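This is what each chain is made of:
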Amino acid sequence: MAGILPYIVRRLLWAPFVLLAVTLATFALGRFGPGDPIEVLQGQYNNPEVVARIRQERGLDDPFFNQYGRYMWDALHGELGTSTTYLGVAVEDVIFEKMWVTVQYNLLALIIIFAVGLPAGIWAALRQGTWQDPLTISVLLLFRSLPVLVTIPILQYLLAIKLGWLPSSGWHERDILGLKLGIFDKRIIMPVLVLSLPGIAGVARLMRAQTLEVLDQDFVRTARAKGLQEFVVVSRHVARNALLPMTTIVGFALVGLLGGSLFVEYLFGIPGIGQFVWEAVYNRDYDVIMAVTLITATAFILVNLATDIAYGFIDPRVRLGGRGGG
Amino acid sequence: MRALWLVLGGLAATTAVVVGVAAALVVGGGGDNNGEPSSTNTPQARTTGTPSGSTSGETLRLLGPDPITMDPACASDVDSATYIMEIFSGLVTIDRDLKTVPDLAEAIPEPAQNADGTVSYTFQLRQGVLFHDQSRQVSAQDVKYSLERALNPDTESPIAETYLGDIVGAKDFARTGEGEVSGIQLDPADPYKLIITIDAPKPYFLAKLTYPTAFVVDSRQTGNSSCFSNTNWQRQARGTGPFKLKEWDLGQKIVLEANDKYHLGPPLIGRVEYNLAGGSGVTMYENNEIDVTGVGLNDIERVRDPSEPLNKEFHTQPRLDIWYIGFNVEKPPFDDVKVRQAFAHAIDKDKLIGVVLKDAVIEANGILPPGMPGYNENLQGLKFDPELAKQLLSESKYGDNLPTVEIASSGRGASVGPVSEAILGMWKENLGVDVAVRQTETATFFQDLRDGEFQMFEVGWVADYVDPENFLKVKLYGPSKDNESKYSNPEVDRLLEQADSEQDSAQRLALYQQAEQIIVNDAPWIPLFHDEYSVLIKPYVKDYVLPPFVIPRLRYVHIEK
């Protein structure tokens, strides 16, 4: 464990360079790519003179690095610019709210995915060779293969129109202890369901494969030979080792949350970040795109680092400083 | 803006995602991509006169477009105008019969010709009109302030010059922001009198004043705001329109509340709730979550079926727009009128509309849509005639050596969409010409279009105001900057100029009809079709007017459960 601190420091020192590269590329794509936010605003009545005037006032004609430098400097001070999708609204006033919406339903889905997927995978692995294993896997594979564009309308038809149990779409937040929460509203059920089903399938299949691999290992045989109860063998030795690769998946899934799911948000009418970024790209809303890139990249770097550190804690091999051959 | 360029492939792809429609065009989707048409039809529920009932507590629930801004000076999109039209108002407005009628003004003024060729309008304002917070009366000074604020370069309005540029001195003021606009004069003796002078006789000028750019804002709110900064006031925007803005949760929800003091008669419903986050319109409608929704091509056959219960709630109404294929008449091979005519005669519109578009649109013969004054039923279009098409092509100066031809379309998706696909097939079959497609993303598309980059393009145009000038003069007049075809016929230009200043309305429309016929024969455009709104309206929602573009319309609606 002694080596971990320098490792963290080294990784953190790299972070600004990674951020610089990512933001510079995004910034350049916006500025040098075709299209222009002011032209988009003018719509059909293009008046080049007015476009030129507003561009100049908004600093869009300044040299590239001046613009980039100014943006990054402001961003460091917590000012993420001005949106043109919501004209004149400060980016930080709108994107965190939208990200929060997306994070809520995704986090709930993520919890369900792992809470159901991991035990399901272990369960299937332990029943290898019986009829239950292939059946579980086939059902999961079916869920995995259905795109949300198919499952959403089917679920809406069944659960909303036919059975009348749930609203077909929408998003509603309640104020609970000063926090706006959408997770206590029944409108969140369908989106979470739609996201969970394929996710559970993916996690369960991976967990099954990992478990099978671990079950074959010598130390499992040793554990059994020592006369340990099967439950202890599975929970303490098998599951723990099989969980290792899942750490990475949780990490990346967490970052994915920020990106949101465009289709889910459109079809369920959820005012999240996925829809917003999509609109922003078509409006050439530079500042919004930059802010989302910046936040996502930062989160990615941090999660990646956290995952690596977590490995150090939960991988028995790492903790023991390497085992000499089982 | 009320008018907006619609693009066959482009919007289609967006709307397809939104409503789950895998077709080239969503009827009723139009400019906004929420499925709920920002302005749409019923078999025009016409009751005349101002409704004089009192406001009820009923709530109308709609799927609304997500507005960019609530600042009337800055709104250039249909989505924003949808709300601004209900919250704010100006000197004049449009009623549900699409007539320009007085709003803050007591009457529609007669234009008075001045010696120097300019024209003045004297507006007498209603007295006792209050801003929504009831704290202050609107005077002529407020109108002057609002117009000048829109034009002021500090406001950075992308569109003020377009709508107000006819006023004497407006263009200079828009550049410098110094002094005041000389064409907007107060009367020191009467705080309710305002004189607006424009640079030349323009019969459509009053119609332009019905657009948000000319609406009155409260200077105590708008103070130092511009389109891009200090915009927080917009969350509590107050105007003088039929509805008050009660709540605006960005991207989530807008709630309007009836202004029971509205000077043209208070709304008949108490509240309007817009869901801005989208969703599946028809599903939400069937599940009773909203009261009105647009219908996409996916659902249209189902709702048209008379045995389907929803059929009784289904309505259609034409829009004032046109979808067309435009040629750049300066680029070969379309610099030869015969080539253009050949391409036009080779399109079987009956088939296109009947098969591909499931008859959800109206075939276009000429430029002007049905419902537009001057629409000519007897106009001679270029009919489908493959023999004639081939003959014209071989007679053209290119003969059999046609250069490569490319059509530009705007889009977000990967496929060109069924409409384009069908047209390309017809050209191949009837002319033996292979046309390539160049699909460009929307923002870039319009830039390139204006720069005259394309040989041929498919695009749409929606009315800003009910006047043929908005189609013929704006799009096909030689010197017009919006004339992307670069079409220029001295005879047409002369007719259009003459129509501009003709005060006799019948004469004026006749001039437009003459010009239109010449244009159609010259074929700078191939008119394809006019859209129709297809909408579901709950039976308890009455008088839900579906105008061809955005007008204040919610005050007519009443709910009878």
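Scroll up to find the structure.
Quantities reported herein were computed from a predicted structural model and do not represent experimental measurements. (Residues numbered from 1 in each chain as written. Chains lettered and ligands numbered in written order. Predicted model: local features only at pLDDT ≥ 70, side-chain atom pairs only at ≥ 80, totals over all residues.)

*Asks:* Report on the overall build of chain A, specifying residues and quantitative values.
*Replies:* When helices and strands are counted, chain A shows 14 helices and 2 strands. In terms of overall dimensions, chain A has a C-alpha envelope of 85 × 60 × 40 Å along the principal axes. Across the 326 residues that make up chain A, the buried fraction comes to 34%. If you take every contact in chain A between residues at least 6 apart in sequence, the share linking residues at least 24 apart comes to 72%. (Helix = DSSP H or I, 4+ residues; strand = E, 2+ residues; numbered from the N terminus. Buried ≥ 20, exposed ≤ 12 C-beta atoms within 10 Å, placed from the backbone. Contact = placed C-beta atoms within 7 Å.)

*Asks:* Please give an account of the environment of V103 of chain A that cites residues and values.
*Replies:* Residues and elements named next belong to chain A. With respect to the helices, strands and loops of the structure, V103 is situated in helix 5 (residues 91-126). Residue classification places V103 among the partly exposed residues on the basis of 18 C-beta atoms within 10 Å. Between the alpha carbons of V103 and G272 there is a distance of 8.6 Å; along the sequence they are 169 residues apart.

*Asks:* Could you give me a rundown of the nonpolar core, with the residues and numbers involved?
*Replies:* Within the largest apolar cluster, 218 residues are counted, with the highest numbers of intra-cluster contacts made by I84, L151, L164 and I526 of chain B. Looking at which element gives the most residues to this core, the answer is helix 5 of chain A, with 15 residues. I526 of chain B has contacts with Y324, I325, F343, A344 and I347 of chain B, leaving out every residue within four places of it along the chain. Judged by nonpolar contacts, the second largest core, of 5 residues, contains I38, L41, V50 and I54 of chain A. (Core = buried A, V, L, I, M, F, W, Y, C linked by C-beta atoms within 7 Å.)

*Asks:* Go over the interface of chain B and chain A with me, naming the residues and quoting the values.
*Replies:* Contacts between the two partners involve 41 residues from chain B, matched on the other side by 43 residues from chain A. For the side of chain B that touches chain A, the residue count by class is 17 nonpolar, 17 polar and 7 charged. (Nonpolar A, V, L, I, M, F, W, Y, C, P; charged D, E, K, R; others polar.)

*Asks:* I'd like a description of the packing of helix 7 (residues 148-162) of chain A against helix 8 (residues 189-215) of chain A, backed by residues and values.
*Replies:* All names here are of chain A. One way to put it is that helix 7 packs onto helix 8 with a least axis distance of 10 Å and a crossing angle of 140°. Between helix 7 and helix 8, the crossing angle belongs to the class labelled oblique. Classified by chirality, the crossing of helix 8 by helix 7 is right-handed. Contact residues: V148, T151, I152, L155 and L159 in helix 7; M190, L193, V194 and L197 in helix 8. (Axes fitted to C-alpha atoms, helices over the stretch in contact; angles between N-to-C directions. Parallel < 35°, antiparallel > 145°, perpendicular 65-115°, else oblique. Left-handed = near helix turned anticlockwise from the far one by under 90°.)

*Asks:* Describe in detail unusual backbone geometry, supporting the description with residues and values.
*Replies:* All names here are of chain B. Cis geometry marks the peptide bond from P332 to P333; its omega dihedral reads 0°. Its location among the elements puts P333 in the loop between strand 13 (321-327) and helix 10 (337-345). Positive phi outside glycine occurs at A523, with the angle close to 50°. Looking at the element boundaries, A523 is found in the loop between helix 17 (505-522) and strand 18 (525-530).

*Asks:* Can you lay out helix 12 (residues 386-395) of chain B for me, pointing to particular residues and giving the numbers?
*Replies:* Residue and element names in this part refer to chain B. Buried residues of helix 12: A389, L392 and L393, and no others. Along helix 12, the residues classed as buried sweep out an arc of 100° about the axis, all on the same side. Residues of helix 12 that are exposed and point over 90 degrees away from its buried face: E387 and S394. The inward-facing, buried residues of helix 12 abut helix 10 and helix 13 (418-431). (Arc of directions from axis to C-beta.)

*Asks:* Explain the sheet that holds strand 5 (residues 119-124) of chain B to me, using residue names and the numbers behind them.
*Replies:* Residue and element names in this part refer to chain B. Strand order in the open sheet formed by 4 strands is 4-5-7-6, with antiparallel pairing between adjacent strands. What marks the edges here is a single partner per strand, and that holds for strand 4 (112-113) and strand 6 (184-187). Where strand 5 and strand 7 (residues 190-198) come together, 6 bridges link them in antiparallel fashion. The residue bridging F123 from the neighbouring strand is L194, located in strand 7. The sheet contacts of helix 3 (residues 140-151) involve strand 6 and strand 7, and relative to strand 7 the element is tilted by about 35°. (Pairing = 2+ DSSP bridges.)

*Asks:* Could you give me a rundown of the packing of helix 10 of chain B against helix 12 of chain B, with the residues and numbers involved?
*Replies:* Residue and element names in this part refer to chain B. The interhelical angle for the contact between helix 10 and helix 12, taken along N-to-C directions, is 160°, at an axis separation of 8 Å. Regarding the angle of helix 10 to helix 12, the classification is roughly antiparallel. Between helix 10 and helix 12 the crossing geometry is left-handed. Across from K338, V339, Q341, A342 and H345 in helix 10, the residues of helix 12 making contact are L388, A389, L392, L393 and E395. Split into classes, the residues belonging to the contact of helix 10 with helix 12 amount to 6 nonpolar, 2 polar and 2 charged.

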